[in-house]
Amino acid sequence: MAPARVGIVVGSASDLPTLQAARDILDRFGVGYELRVLSAHRTPAAATEFAETALERGLQVVIAAAGLAAHLPGVLAAHTPLPVIGVPVASGSLGGIDALLAIVQMPRGVPVATVGIGNAGNAALLAVQMLALADADLRQQLVAYRAEQAQAVLEQDAKQRDA
Ligand code: RP5
């Protein structure tokens, strides 16, 4: 397994299914990651310790996912200079709008990059793009990934035109 360059942190084990898309993307690009269940509310000391040691342990980006009053991404961002990408999880009666607003509305000075509700795949792609700034192999893989996406859309378009 490749050394972990990305930290994936979820606020609860119930968030894990939402994060599968991120794991799939990182696996596809051969990017090693560590996966943790840490809560800003239930295990605040462990969450803080994770963030404070993330850089020295070799992590370069953190993806943090949580639902409801989703403070986890912001709390991690407060304790590390690494970029943090927040994934709002749809959990509870508000369908993830609560988590989206909690994650995206960071105060000035401590940003969290925020993807759409449940869009863990985009969080992983953004993490790969950050790593690719200093990794030519990842850059090449990203070019190939985009070309594949374009090809898939062109094929769908051709199918519709021929129907
Ligand atoms: C949040 O509360 C977690 O991130 C999860 O999305 C939500 C519900 O957690 P559980 O009650 O399922 O553990 O902190």
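For the structure given in this document, a descriptive report is provided here. (Residues numbered from 1 in each chain as written. Predicted model: local features only at pLDDT ≥ 70, side-chain atom pairs only at ≥ 80, totals over all residues. Heavy atoms only, no water.)

### Looking at the overall build of the chain
Note the threshold: Only runs of H or I of at least four residues qualify as helices and only runs of E of at least two qualify as strands under DSSP, and these elements are numbered from the N terminus. Note on method: radius of gyration uses C-alpha positions; expected globular size equals 2.2 Å times residues raised to 0.38. For every residue, the accessible area obtained with a 1.4 Å probe (protein chains only) is divided by the maximum for its type, and the residue is called buried under 20%, exposed over 50%, and partly exposed between those limits. Contacts are residue-level and defined by heavy atoms, with any inter-residue pair within 4.5 Å sufficient. Here the Shrake-Rupley method, with its probe set to 1.4 Å, supplies the accessible areas, and only the displayed protein chains count as covering residues. For this count, His and the chain ends are skipped, Lys and Arg are scored as positive, and Asp and Glu as negative. The atoms used to mark charge sites are NZ of Lys, CZ of Arg, CG of Asp and CD of Glu.
Scanning the chain for helices and strands turns up six helices and five strands. Whereas a compact globule of 163 residues would reach a radius of gyration of roughly 15 Å, the chain reaches 17 Å, a difference of no more than 12%. Here the C-alpha coordinates of the chain stretch approximately 55 × 40 × 30 Å along the principal axes. Buried positions account for 40% of the 163 residues belonging to the chain. If you take every contact in the chain between residues at least 6 apart in sequence, the share linking residues at least 24 apart comes to 66%. Carbon together with sulfur atoms contributes 56% to the accessible area of the chain, which is approximately 8600 Å² in total. One finds the centroid of the 11 positive side-chain charges in the chain at a distance of 3 Å from the centroid of its 14 negative side-chain charges.

### Side note on the packing of helix 1 (residues 16–28) against helix 5 (residues 120–132)
Convention followed: Lines fitted to C-alpha atoms define the axes here, with helix axes fitted over just the stretch in contact, and angles between the N-to-C directions of these axes take values from 0 to 180 degrees. By convention, the crossing between two helices is left-handed when the near helix turns anticlockwise from the far helix through less than a right angle, and right-handed when the turn is clockwise. Gly is placed with the polar residues, together with every amino acid not listed as nonpolar (Ala, Val, Leu, Ile, Met, Phe, Trp, Tyr, Cys and Pro) or charged (Asp, Glu, Lys and Arg).
Where helix 1 contacts helix 5, the axes come no closer than 7 Å and their chain directions differ by 35°. Seen from above, helix 1 lies across helix 5 with right-handed handedness. When helix 1 is examined against helix 5, the residues Thr 18, Leu 19, Ala 21, Ala 22, Ile 25 and Leu 26 are found in contact with a partner set consisting of Ala 120, Gly 121, Ala 124, Leu 125 and Val 128. For the contact of helix 1 with helix 5, a count of residues per class yields nine nonpolar, two polar and no charged.

### Describing helix 6 (residues 136–162)
In plain terms, the rule: Here a helix's expected span is defined as the number of its residues, less one, multiplied by 1.5 Å.
The end-to-end C-alpha distance of helix 6 is 39 Å, a good match for the 39 Å that 27 residues give at a rise of 1.5 Å each. When we look at burial in helix 6, the residues that qualify are Leu 138, Leu 142 and Tyr 145. Check the buried side of helix 6 and you find it contacts strand 1 (4–10), helix 1 and helix 5.

### A word on the packing of helix 5 against helix 6
Basically, it comes down to this: Between 65 and 115 degrees an angle is taken as roughly perpendicular, under 35 as roughly parallel, over 145 as roughly antiparallel, and anywhere else as oblique.
Put simply, helix 5 and helix 6 touch, their axes get as near as 8 Å, and they point 140° apart. Classed by the angle they form, the pair helix 5 and helix 6 counts as oblique. Between helix 5 and helix 6 lies a crossing of left-handed hand. Residues Leu 125, Val 128, Gln 129, Leu 131 and Ala 132 of helix 5 form the contact with helix 6, whose participating residues are Leu 138, Arg 139, Leu 142, Tyr 145 and Arg 146.

### A closer look at the site of the ligand
Filter applied, for reference: Residues are counted as near a molecule or strand when any one of their heavy atoms sits within 4 Å of it. Polar contact criterion, stated in full: a pair of N or O atoms within 3.5 Å, where within protein one must be able to donate a hydrogen and the other to accept it, and residues adjacent in sequence count only if both atoms are side-chain atoms.
Lining the immediate environment of the ligand, one finds Gly 11, Ser 12, Ser 14, Asp 15, Arg 42, Ala 66, Gly 67, Leu 68 and Ser 91. Measuring from an oxygen atom of the ligand, one finds a side-chain N or O atom of Ser 12 at 2.6 Å. Arg 42 places a side-chain nitrogen or oxygen 2.8 Å from an oxygen atom of the ligand. Coverage of the ligand by the protein amounts to 75% of the 360 Å² it exposes when considered alone. Classifying every residue of the shell around the ligand by side-chain character gives two nonpolar, five polar and two charged.

### Re the packing of aromatic side chains
Note the threshold: We call Phe, Tyr and Trp rings a pair once their centres come within 6.5 Å, taking the six-membered ring for Trp, and we label the pair stacked below 30 degrees between planes, edge-to-face above 60, and tilted otherwise. Sitting over a ring, as applied to charges here, requires NZ of Lys or CZ of Arg to be within 6 Å of the ring centre and within 35 degrees of the ring normal.
Taken as a whole and judged by the stated rule, the model has one aromatic pair. An angle of 55° between the planes, with centres 5.6 Å apart, marks the rings of Phe 29 and Tyr 145 as tilted. Of this pair, Phe 29 sits in the loop between helix 1 and strand 2 (32–37) while Tyr 145 sits in helix 6, placing them 116 residues apart in sequence. Each member of the pair Phe 29 and Tyr 145 is classed as buried. Here the guanidinium or amino end of Arg 28 rests over the ring plane of Phe 29, the centre of that ring lying 5.6 Å away.

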